[in-house]
Amino acid sequence: MSGRLLRLVCTAAVAAGIVCAPVSAAADPAPGPGDTRSVAGLLTDLQRLYREAEKATETYNGTEERLKRQRAEVRRLDAELARTRASLHDSRGAAGRLARQQYQSSGNLSPYLRLLLARDPQHAIDQGHVIGRLARERVETVGRLTGAEKKAADLARRSRQALDRQVALAESQAEQRDDVRERLRAVEELLASLTPEQLAALAELEESGIAREQERFLASGALGDDAKPSAEGERAVRFAVEQLGKPYEWGAEGPASYDCSGLTSVAWQRAGTAIPRTSQEQWARLERVPLNELRPGDLVVYFPEATHVAMYLGDGKVVQAPRPGAEVKVSPIAANPVLGAVRPDPGGEPLRRYTPPRLPEGATDGSDEGYADAYAPAAPETSIR
């Protein structure tokens, strides 16, 4: 058994702030023929921990997206408030000028008496029109001033509220970051407690389990003949394939590393279609397609909570960023429990001709073949936002 997944584990552990240490083979007896249930239980626990970590990661990603939108809203409101205050300053200046004009031209005689006593009645009438126009301007200026004051007060209130929401989201994000760290730490602690023989047994059990699930899935007839992708779908697939071998990192959106939904969202963005950032939002907001109508570029969503996502390649395979510490790889579509599929470009016309991208050697390995039998040197510490 190779040391690939232990490198996976060490990467996840370092990201969680834990230092990897070698495990002594004498720490626990190797599982014998009668220990299958124990190994199966360990695998169940480990998969549950990975799933919890990924669920926490997607929650963190969702908060990060809301935080980005909230920051943009705060900037927009602040800019609008600045413009409104500048307009308010101008309106106050205009109101002051009109007040001075009114004071300077005011007298004790009414406009009617000034007209009767005027030497040039026509001039007085013209002057009256000017006075009327100034009065209307005065009313309009006061109206603008009042409106600007109300708008400025409303914008100031909304800006304060938006900033409060931003602060609350940032606090929530920090809590979610700590939650991810705790869950990754739980993964590392479980793996660190096992012997190399137990890790090898876990790898073998998981690999055989995935093979059985894939065989059962294909035999069920859930998949039909692959349809051809759209032009954008082809570009998304080729981009995703180009990322093979890059490490999984929670919250990452490339170019050096990805998490599951970071890979799918960036691939489609590069193809020309913006899609939601998280797997839950991709499942909720993109158009769903039956599995028997899948075409390359469609997104396959996993688990009841839609906490994992991969991109369909065709021929019953997906490309995915599997889990903490692993690398982007090609996997059987049934490597995880399938929830359903969505299509980012439902209106995209399928290509007349399509040649799938050539996969490099080892594309299905992705440093995630098993749970490995020896610790590799720890990678440099990865910063966590």
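The rules we used
- Residues numbered from 1 in each chain as written.
- Predicted model: local features only at pLDDT ≥ 70, side-chain atom pairs only at ≥ 80, totals over all residues.
- Heavy atoms only, no water.
- Salt bridge = Lys/Arg side-chain N within 4 Å of Asp/Glu carboxyl O.
- Helix = DSSP H or I, 4+ residues; strand = E, 2+ residues; numbered from the N terminus.
- Expected span 1.5 Å × (residues − 1).
- Buried < 20%, exposed > 50% of the residue type's maximum accessible area, 1.4 Å probe, protein only.
- Contact = heavy atoms within 4.5 Å.
- Polar contact = N/O pair within 3.5 Å; in protein donor to acceptor, adjacent residues only side chain to side chain.
- Pairing = 2+ DSSP bridges.

As annotated in an unreviewed UniProt entry, the protein chain is NlpC/P60 family protein from Streptomyces rochei.

**Q** Requested: an account of the pattern of salt bridges, with residues and values cited.
**A** Where charged atoms of side chains with opposite charge meet at close range, the side chains can pair. Tallied over the entire structure, the rule returns nine salt bridges. Close ionic contact of E234 with R238 constitutes a salt bridge, the shortest N to O distance being 3.2 Å. Taken as a pair, E234 and R238 lie in helix 6 (residues 231-242) at a separation of four residues, close to a single helical turn. With its nearest N and O atoms 3.4 Å apart, the salt bridge here joins D345 to R295.

**Q** How would you summarise helix 6 if you had to cite specific residues and measurements?
**A** Over its 12 residues, helix 6 runs 17 Å from end to end, which matches the ideal 16 Å to within 8%, given 1.5 Å per residue. Among all positions of helix 6, only G233, A236, V237, F239, A240 and V241 are buried. Tucked into the core, helix 6 has its buried residues touching helix 7 (260-271), strand 3 (308-314) and strand 4 (317-320).

**Q** Report on the side chain of T264, specifying residues and quantitative values.
**A** Assignment of secondary structure puts T264 in helix 7. Residue classification places T264 among the buried residues on the basis of a relative accessible area of 2%. For T264, the side chain forms a polar contact with the main-chain oxygen of S261, separated by 3.1 Å. Ignoring sequence-local partners within four residues, the contact set of T264 consists of I275, Q282, L299, V309, A310 and M311.

**Q** Describe the pairing of strand 4, and please don't skip the residues or the numbers.
**A** Consecutive side chains of a regular strand alternate in pointing toward one face of the sheet and then the other. Note that strand 3 and strand 4 share three bridges and pair antiparallel. Counted as the bridge partner of G314 is K317 from strand 4. In this sheet, strand 5 (residues 329-332) lies alongside strand 4 in antiparallel orientation, the contact comprising four bridges. Bridge assignment links K317 to a residue of strand 5, and that residue is P332.

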